[in-house]
Amino acid sequence: MIVNDENRNFVRPGYIIQPVLGFRDAPFDWSREHAEEVAHTEGLTLTPAHWEVVRTLQELCTRNEKPTMNARDLHDALDKRFHDEGGIKHLYELFPKGPLAQGCLLAGLQPPAGTQDQGMGSAV
């Protein structure tokens, strides 16, 4: 896997990205087609707004120094990034089961701990 020099210092060590048109921070084993299949099983119809969240999640996780992001940090980063669109409320409209749980699932990322545990609540 070749990572261009301008990104070499920013990509999390051990995180391998692949060049996918429009998704520069996609995990190595991720594909748009698989994300669409997952969305179908989740009952989602993907729009450009969904894809923007997927791209943002991939970028945030790629640039993170730790193997997985803390749910609160990721929640806050998404809220800040999508503030003009309505923040977390907007994201829950896109991802009814939770922007972290469903968003990470579509982005090919490991969701932060506690975001998929219905007993603990997935509304992080």
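Since we're looking at a predicted model, the values are computed, not measured.

Thresholds, definitions, all that
Residues numbered from 1 in each chain as written. Predicted model: local features only at pLDDT ≥ 70, side-chain atom pairs only at ≥ 80, totals over all residues. Heavy atoms only, no water. Core = buried A, V, L, I, M, F, W, Y, C linked by side-chain atoms within 4.5 Å. Buried < 20%, exposed > 50% of the residue type's maximum accessible area, 1.4 Å probe, protein only. Helix = DSSP H or I, 4+ residues; strand = E, 2+ residues; numbered from the N terminus. Contact = heavy atoms within 4.5 Å. Disulfide = S-S within 2.5 Å. Salt bridge = Lys/Arg side-chain N within 4 Å of Asp/Glu carboxyl O.

Q: How should the nonpolar core be read in this particular structure?
A: Buried together is how nonpolar side chains tend to be arranged in soluble globular proteins. Judged by nonpolar contacts, the single largest core of 26 residues is most densely connected at Trp30, Val53, Val54, Leu57, Leu91 and Leu106. When residues of this core are traced back to their parent elements, those giving at least two are helix 2 (32–42), helix 3 (48–63), helix 4 (71–81), helix 5 (87–94) and helix 6 (99–107). Setting aside residues up to four positions removed in sequence, Val54 forms contacts with Phe23, Trp30, Leu106 and Ala107.

Q: Just to check I follow, could you spell out the state of the cysteines for this structure?
A: Cysteine pairs can be linked by a disulfide, which is a covalent bond between their two sulfur atoms. Summed over all chains, the structure comprises zero disulfides. With no disulfide of its own, Cys61 lies closest to Cys104 among cysteine sulfurs, the gap being 5.4 Å.

Q: How should I be thinking about the pattern of salt bridges in this particular structure?
A: Pairs can form between side chains of opposite charge once their charged atoms are near each other. Going through the model one piece at a time under the given rule, you end up with seven salt bridges. Among the ionic pairs, Asp76 bridges to Arg72, the shortest N-O distance being 3.9 Å. With Asp76 and Arg72 both in helix 4, this residue pair falls four residues apart, about one helical turn. Its relative accessible area of 40% is what places Asp76 among the partly exposed residues.

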